[in-house]
Amino acid sequence: MAKKTCIHFDPVKPGCEIHNWRLKELDYVIKDLTPNNEHWVDPRYAGKSLADIRKEIAERYQAHVGQKMQAKAAPIREAAVVIKPDTTMADLQLLAKQLEKEFGIKCIQIHIHRDEGFNKTNPDPSNLNLHAHFVADWTHDNGTSLRLGRQDTTRMQTVGAECLKMERGSSSNVKHLNAIQYKEKKALENIASLRKLVYKSFLSQNAKNALYKRIDQLVEDLKADPMNIELQQQVEQLTEKVTQLQADIERRKQQHEQDQKTISALREENAQLRRNNEKSASINENLRKENRDLKRKACPERYVLPSFINVEATRIYKDKQGQCHIAMKFTGGSKEYSEKMSNEDFMAFRNGDLTKEEVIAKYHKPLIEGYIRREFSRPEKRSAALSLIENTIFGYMKLYASSTFVPSSGGDNNPRKRRNYDDIDDMNDEERKGLSYR
């Protein structure tokens, strides 16, 4: 299909020289292709800026009309013309001559741009936005503005197509967008996209609100003054940030997904370790109880008290102040003998690590031993006392019975020196065993 072209002049906008001559970096320009651009200046305007040319036109107008040119006047206009890859500067100069000949439009500058496109990573020539900018003096020699009707503009399209050997564009009532207006439109579209990105981002709500406020202000400023070059630059910068934010959000999203996978794996690992620990703890507890029961079966005398102690009536409790007690009773008696006990022993008793007999023996040992010694001090009851303590925790007290005698009047001079009970109590098991067989 043949490529179409058209010509539509609009008042020149501030910053057009920056754009046409590539005086600054533009985000939609492919830098590597910029050397392919071409520029031409009509010798009549050589060495003059557009501001200088406008000043000269204004002076001619004032000299001819007798008053200053209005501020809203557009003596200099610009058109972006679509071209082909093989269009030359000579073709465009021919078009410029024909425009001046038929319509009085004097071309000041021509700029061929072959470095604009939408895909910077793959600058396929078929995708490039090939075009040329015509900057024209839109006045007569006396400074007054040209007056072109609809027939003139229609004829201008035909002239452009013939000079450039391209197909003429079809007529349309749609308003054409110049470069600045197109950039404004794209900027507003990008801002709309940015709002969505901000909404979906991982930014805090305060950061989102601050960014929304900045976007709203920029949109208002842009609508109030769409030709403001600084605002256009801000829009370009904001558009670049859109891409950066999109990439950052995607990176954060991927990192978040990876973190969630890692967290899930760690949670599963921790759950498995917890199950293993609980299983091990249960096994260890069972082994501990089994060992305790085997130990008690192997040495029953270490867990049996003499029958004169009322084990069932003995109470182990904690008072309102949190102090632990053990209150023991003798068989047939009503009096309680209470002793304070440690919280550790109380919990061990509650957990089954200590029997009530062991607790009684630990905290009431002096009282029980005193009772046994009194019984042994009576020769007629010594045999009965031995039977009470045989195979009990206090079975070692039989050593006391074998070493006790009624002293003579000589007292300490008696050759049968009585062994002190405390000495016997301090003996180890081997020493006691040896003494019991004497």
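Please read all numbers here as calculations on a predicted model, not as lab measurements. (Residues numbered from 1 in each chain as written. Predicted model: local features only at pLDDT ≥ 70, side-chain atom pairs only at ≥ 80, totals over all residues. Heavy atoms only, no water.)

Trainee: Whenever I open this one, the overall build of the chain confuses me. Can you help?
Mentor: Each helix and strand in the chain was counted, giving 14 helices and 10 strands. The 438 residues of the chain split such that 35% are buried. In the chain, once contacts between residues fewer than 6 apart in sequence are set aside, the share between residues at least 24 apart is 65%. Summed over its atoms, the accessible surface of the chain is roughly 27,400 Å², and 50% of this surface lies on carbon and sulfur atoms. (Helix = DSSP H or I, 4+ residues; strand = E, 2+ residues; numbered from the N terminus. Buried < 20%, exposed > 50% of the residue type's maximum accessible area, 1.4 Å probe, protein only. Contact = heavy atoms within 4.5 Å. Areas by Shrake-Rupley, 256 points an atom, 1.4 Å probe, with all protein chains shown as cover.)

Trainee: In this structure, what is going on with the environment of H8? I would like to understand it.
Mentor: Looking at the secondary structure, you find H8 in the loop between β1 (4-5) and β2 (9-11). Separated by 69 residues in the primary sequence, H8 and R77 place their C-alpha atoms 9.7 Å from one another.

Trainee: Help me understand the sheet that holds strand β6 (residues 131-137), please; the structure alone is not making it clear to me.
Mentor: In any sheet, the strands associate via hydrogen bonds between backbone groups, in a parallel or an antiparallel arrangement. Taken together, five strands build an open sheet; the order of strands is β2-β4-β6-β5-β3 and the sheet is antiparallel. Every other strand in the sheet has two partners, leaving β2 and β3 (38-41) as the edge strands with one partner each. The mean angle between the axes of side-by-side strands here comes to 20°, regardless of whether they run parallel or antiparallel. With three bridges joining them, β2 and strand β4 (residues 76-82) adopt antiparallel strand pairing. Bridging from a neighbouring strand, F9 pairs with A79 of β4. Relative to strand β5 (residues 106-113), helix α3 (residues 89-103) is tilted by about 155°, and along the sheet it contacts β2, β3, β5 and β6. (Pairing = 2+ DSSP bridges. Axes fitted to C-alpha atoms, helices over the stretch in contact; angles between N-to-C directions.)

Trainee: How do you make sense of the nonpolar core when you look at a structure like this?
Mentor: When a protein is soluble and globular, its nonpolar side chains tend to lie buried together. Of all hydrophobic cores here, the largest spans 29 residues; its most connected members are F9, L92, L95, I105 and F134. Elements with a contribution of two residues or more to this core: β4, α3, β5, β6 and α4 (150-164). When residues of this core are assigned to their parent elements, the largest contribution, six residues, is made by α3. If near-sequence neighbours (up to four positions away) are discounted, F134 is found in contact with F9, R77, E78, A79, V81, L92, L95, A96, C107, Q109 and I110. The next biggest cluster of nonpolar side chains, apart from the first, holds 22 residues, and it includes F330, A361, Y363 and F376. (Core = buried A, V, L, I, M, F, W, Y, C linked by side-chain atoms within 4.5 Å.)

Trainee: Before we go on, may I ask you to explain the sheet that holds strand β8 (residues 309-318) in this structure?
Mentor: With respect to topology, three strands assemble into an open sheet ordered β8-β9-β10, the strand pairing being antiparallel. This sheet does not close on itself; its edge strands, each paired only once, are β8 and β10 (337-341). With strand direction ignored, the average angle separating the axes of adjacent strands in the sheet is 20°. Looking at chain direction, β8 and strand β9 (residues 324-330) are connected through six bridges and run antiparallel. When the sheet's bridge partners are listed, Y317 is paired in β9 with H325. Relative to β9, helix α10 (residues 365-376) is tilted by about 15°, and along the sheet it contacts β8, β9 and β10.

Trainee: Sorry, what's going on with the packing of aromatic side chains here?
Mentor: Two descriptors summarise a pair of aromatic rings, namely the distance from one centre to the other and the angle between the planes of the rings. What the rule picks out here adds up to six aromatic pairs. Through pairs of rings, three or more aromatic residues link up here, namely F308, F330, Y337 and Y371. (Phe/Tyr/Trp six-rings, centres within 6.5 Å; stacked < 30°, edge-to-face > 60°.)

Trainee: Before we go on, may I ask you to explain the pattern of salt bridges in this structure?
Mentor: Pairing is possible between side chains of opposite charge, provided their charged atoms come close. Inspection of the entire model under this criterion finds 15 salt bridges. For E167, the salt bridge identified is with K4, shortest N-O distance 4.0 Å. Here E167, found in strand β7 (residues 167-168), pairs with K4, found in strand β1; they are 163 residues apart in sequence, far enough to count as distant. On the basis of relative accessible area, K4 is assigned to the partly exposed category, the value being 41%. (Salt bridge = Lys/Arg side-chain N within 4 Å of Asp/Glu carboxyl O.)

Trainee: Got a minute to help me understand the side chain of T87 in this structure?
Mentor: Take T87: it is sitting in the loop between β4 and α3. At 2.9 Å, the side chain of T87 forms a polar contact with the backbone nitrogen of K84. Leaving out residues up to four positions away in the same chain, T87 has contacts with L92, R114 and L164. (Polar contact = N/O pair within 3.5 Å; in protein donor to acceptor, adjacent residues only side chain to side chain.)

Trainee: Sorry, what's going on with helix α2 (residues 50-65) here?
Mentor: Since the α-helix packs 3.6 residues into each turn, any two residues three or four apart lie on the same face. Relative to the 22 Å expected for 16 residues at 1.5 Å per residue, α2 spans 22 Å between its end C-alpha atoms, a close match to the ideal helical length. Tucked inside the fold, the buried residues of α2 contact α1 (16-21), β4, β5 and β6. Two residues or fewer past α2, G66 is found with a positive phi of approximately 90°. (Expected span 1.5 Å × (residues − 1).)

Trainee: Can you help me understand the pairing of β4 in this one?
Mentor: Sheet faces and side chains relate simply in a regular strand, where the side chains alternate between the two faces. Bridge analysis of β4 against β6 gives seven bridges, and the strand direction is antiparallel. Paired with I76 across the bridge in β6 is D137.

Trainee: When you look at the packing of α3 against α4 in this model, what are you seeing that I'm missing?
Mentor: Working note: a packed helix pair is described by the angle between its axes plus the distance between those axes. The geometry of α3 relative to α4 is characterised by a closest axis approach of 9 Å and an angle of 150° between their N-to-C directions. Considering their axes alone, α3 and α4 lie roughly antiparallel with respect to each other. Here the hand of the crossing between α3 and α4 comes out right-handed. Contact residues: D91, L92, L94, L95, Q98, L99, E102 and F103 in α3; D152, R155, M156, V159, G160, C163 and L164 in α4. Tallied by class, residues from the contact of α3 with α4 come to nine nonpolar, two polar and four charged. (Parallel < 35°, antiparallel > 145°, perpendicular 65-115°, else oblique. Left-handed = near helix turned anticlockwise from the far one by under 90°. Nonpolar A, V, L, I, M, F, W, Y, C, P; charged D, E, K, R; others polar.)

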